[in-house]
Each structure stands twice: as C-alpha cells, then as structure tokens.
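One-letter residues, chain by chain:
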Amino acid sequence: MTSRERVATVIRHGTPDRIPVYGWVAANLTPQLTEAYGSVAAFEDHYEFDYAHLFGGPPAVAPETVEALQKACGGTVAPDAAADMPFTDPDDQAAYDDLRAQIVHHREERGRFVYVQTPGIFEALNGLFGIENHLLWLVMFPDALKEVYRRQAAWNRAFAMNCLDLGVDMIHVSDDWGAQHSLLFSMDTWREMIFPFHKVTVDAVKARGAFVSLHSDGNVKAAVDGILELGYDVVHPWQESAGMSLDRYREQYRGRFAVMGGLDIQTTLGFGNYAALEASIRRVIGMFRDGGLLFCTTHFVQDHCTLEELAFAYDLVFKLVRDPAA
C-alpha cells in the first residue's frame, strides 16, 4: 500500500498492511529537530510518516479586527457586539499559497495523505471572547451567540470547500470541548449550541465525498454518539489520560470511526520513563494491527521532551508497525 492508501484504508474500516504513523512534532521542537536532522521535514522523512497535518490559509477573523473590537468593548466582548464583525474573505485565493506549497511537498512529492486544520465553533471564538466569558455567554446570551456561530459556520464551510479544491484528503475540525473528566458544558448545551453549527461543515464535506475529522482534547465521552451522528470519520486524540479508554473504543466504536492518537503527551512522552513509554507503545500498536488507528501523538509534543526520547519512541514505532514479531 502507499501511504495515502494505508490511511484511507483505516478510515474506511479496512485492514491496512501496517498501522499508519505520524506525530505532531513541529510546533515546539522545530529548532531542536532542525539542529539534529537538518529540518522537521528531514525528521518526517526519516521515520517515513504516512500523513501530514497542514496549517494555513486565511484566518476567519483578522487579528486586528479582534483587537479593535476588544478595545472598543473595554476588553470584554459580548455576543451582540460581535454580531456584525467582519470576517475575512474565505475565497481569497492568494491566502492559500502556503497550503498549496505544503500539499505539493507532502502529497505530491512524498505521497502522504494530507489533512488541513479548520476552525470549529467554540474554540474558534475563545480568542475573541475569552474562554471563561464564552462559557458564560452560552448560558446568558444563547440567541445572540447563535448568530455569531452561524456566521462562523458559514465561513468554516467555505474555507473547507476551498481546501478540498486544493486537493487535501481530509478536513480536520479543531474544537476543544473536553475538560479532564467531562465536557466543558452540558450535553443539552452541546446539542443546542454546538451540534447544528458543526453539521454545516461536516455535511458539506461528506457531500463532496471527502473525509472529515474532529480534534477535541479532554474527556468527550458524553458527546461520542453525537459525534457519530454528525458523521465524523476520525476522532483525535481519544485521550486516555483524560479517561478515554482505547479498550472502550475497540469494544464500542471501532468500525464506526477511526481514532487518531495513541501516544499520549500528557502522561507518556516526554517524562523520561522509557520503560513506561515502551510498554505504552507496544500495547497500543498491539491493539490495532488489524485497523482502527492512525498512530499519532495526542497533541503537540512539548519542549520538555528530549530528542533522545522522541527518537526512542519513533524508532520503536517504526520497528513495531513493520515487524509484528519485534
């Protein structure tokens, strides 16, 4: 199988020739990786990563717009004040030049499956409102907030369509809903305020015959059936350190969506406990040789992780996915 075929096979609930592998390594370790390997790209090539997480394109709301609105509101922006704020033009093709270059590098030159980060609804507006205020606004001003969400969702849909036109394989919607032990809000609130606006993008992507994935940190157990109802093909990270057991995923949900994850950065990678790290990697890879998992870090590898430990982890992963007897 090619890398793109391997990833697509897992998402379609088939059995790949081996588990596809990736890692979110660039955000905090670019200087270290560049010094040791020559570039992040060289590290990705060294471990023959099968897929790639792309960032780029226009922001939904320009930073100067957010700054001006916050200043005009004395620092606290309520939903009614944001109802008419200008969004950027999602069809500004020049703003996608960086994504085009990444697609050429990863998909055309390396043969990788590529997915692009796109905004969700709640997380996308935390920078504008502040997360504490935003949680309060869900209760105090739901109707006004729905209008802001409606406009965000329309922009998200247009952005996703442009990304598909560029040739990405999957739209990756980032929207953190989970705290360490539960959702940040009630399921009633999730169903009323979050679900309908995610459906706008998910339905549009599925109508194009493309894949769509969700990133949501923390414990999102309560929303899993709703995530299925929305139609997500992949969920990242299914965070075991927040009570999201991979055993439960295998028993209840494998064959209904795939998980991207398996290498927990909150408790496993970057803490110098090589024995625990090896045991965790062996357990996870052993669970999913027959499909269901896109092996990946659960979030960005943190800068307290040494390159020696990172290399230890990915040397082991490289060996195990290729040699079941290892």
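Further up the page is the structure itself.
Bear in mind the structure is a predicted one, so any value in this text is a computation, not a measurement.

Student: When you look at the overall build of the chain in this model, what are you seeing that I'm missing?
Tutor: Counting its regular elements, the chain contains 14 helices and seven strands. What you see for the chain is a C-alpha radius of gyration of 20 Å, in line with the 20 Å of a compact globule of 326 residues. The principal-axis extent of the C-alpha atoms belonging to the chain is close to 60 × 40 × 40 Å. By the burial criterion, 52% of the 326 residues in the chain qualify as buried. Once the 27 positive and 44 negative side-chain charges of the chain are each reduced to a mean point, those two points are 7 Å apart.

Student: For this particular structure, what's the right way to read a nonpolar patch on the surface?
Tutor: A contiguous nonpolar surface patch, about 370 Å² in accessible area, is contributed by L136, V139, M140 and F141. Mapped onto the elements, V139 comes out in helix α8 (residues 131-140). Given the relative accessible area of 65%, V139 is considered exposed.

Student: Help me understand unusual backbone geometry in this model?
Tutor: Across the chain, the bulk of peptide bonds are trans and the bulk of non-glycine residues have phi less than zero. Following H236, the chain continues to P237 via a peptide bond in cis, the omega torsion being 5°. Along the chain, P237 falls in the loop between β5 (234-236) and α12 (246-252). Even without being glycine, H13 reaches a positive phi, approximately 70°. Relative to the elements of secondary structure, H13 occurs in the loop between α1 (3-11) and α2 (26-37). Unlike most non-glycine residues, W238 shows phi in positive territory, near 50°. With respect to the helices, strands and loops of the structure, W238 is situated in the loop between β5 and α12.

Student: Quick question: what am I supposed to make of the pattern of salt bridges here?
Tutor: Where charged atoms of side chains with opposite charge meet at close range, the side chains can pair. The tally for this structure, following the rule as stated, stands at 20 salt bridges. Of the charged contacts in the structure, one is a salt bridge between D203 and K199, with a shortest N-O distance of 3.3 Å. Of this pair, D203 and K199 are both found in helix α10 (residues 187-207), four residues apart, which corresponds to roughly one turn of the helix. A network of salt bridges, in which partner residues are shared, links R6, D17, R18 and D50.

Student: I tried to follow the environment of P59 on my own but got confused; where do I start?
Tutor: Relative to the elements of secondary structure, P59 occurs in the loop between β1 (51-54) and α4 (63-72). On the basis of relative accessible area, P59 is assigned to the partly exposed category, the value being 43%. Through-space distance from the C-alpha of P59 to that of A325 is 47 Å; in sequence the pair is 266 residues apart. Every residue in contact with P59, bar those within four places of it in the chain, is listed here: T88 and W155.

Student: Looking at this structure, how should I read the packing of α2 against helix α14 (residues 307-322)?
Tutor: Angle between the axes and distance between the axes are the two parameters that describe a pair of packed helices. As a packed pair, α2 and α14 sit with axes 11 Å apart at the nearest point and diverge in direction by 75°. Judged by the angle between their axes, α2 and α14 are roughly perpendicular. Seen from α2, the contacting residues are L29, Q32, L33, A36 and Y37; seen from α14, they are L307, L310 and A311. Grouping the constituent residues of the contact of α2 with α14 by class yields seven nonpolar, one polar and no charged.

Student: It is not clear to me how the environment of R289 should be interpreted in this structure. Could you clarify?
Tutor: Its location among the elements puts R289 in the loop between α13 (274-287) and β7 (293-297). Residues R289 and T189, 100 residues apart in the sequence, show an inter-C-alpha distance of 38 Å. Within polar-contact distance, the side chain of R289 engages the backbone oxygen of L320 at 2.8 Å.

Rules and cut-offs
- Residues numbered from 1 in each chain as written.
- Predicted model: local features only at pLDDT ≥ 70, side-chain atom pairs only at ≥ 80, totals over all residues.
- Heavy atoms only, no water.
- Helix = DSSP H or I, 4+ residues; strand = E, 2+ residues; numbered from the N terminus.
- Rg over C-alpha atoms; globule rule 2.2 N^0.38 Å.
- Buried < 20%, exposed > 50% of the residue type's maximum accessible area, 1.4 Å probe, protein only.
- Lys, Arg positive; Asp, Glu negative; His and termini not counted.
- Charge placed at Lys NZ, Arg CZ, Asp CG, Glu CD.
- Patch = residues over 30% accessible without salt bridge, like charges linked within 9 Å, V, L, I, M, F, W, Y side chains within 5 Å.
- Areas by Shrake-Rupley, 256 points an atom, 1.4 Å probe, with all protein chains shown as cover.
- Salt bridge = Lys/Arg side-chain N within 4 Å of Asp/Glu carboxyl O.
- Contact = heavy atoms within 4.5 Å.
- Axes fitted to C-alpha atoms, helices over the stretch in contact; angles between N-to-C directions.
- Parallel < 35°, antiparallel > 145°, perpendicular 65-115°, else oblique.
- Nonpolar A, V, L, I, M, F, W, Y, C, P; charged D, E, K, R; others polar.
- Polar contact = N/O pair within 3.5 Å; in protein donor to acceptor, adjacent residues only side chain to side chain.

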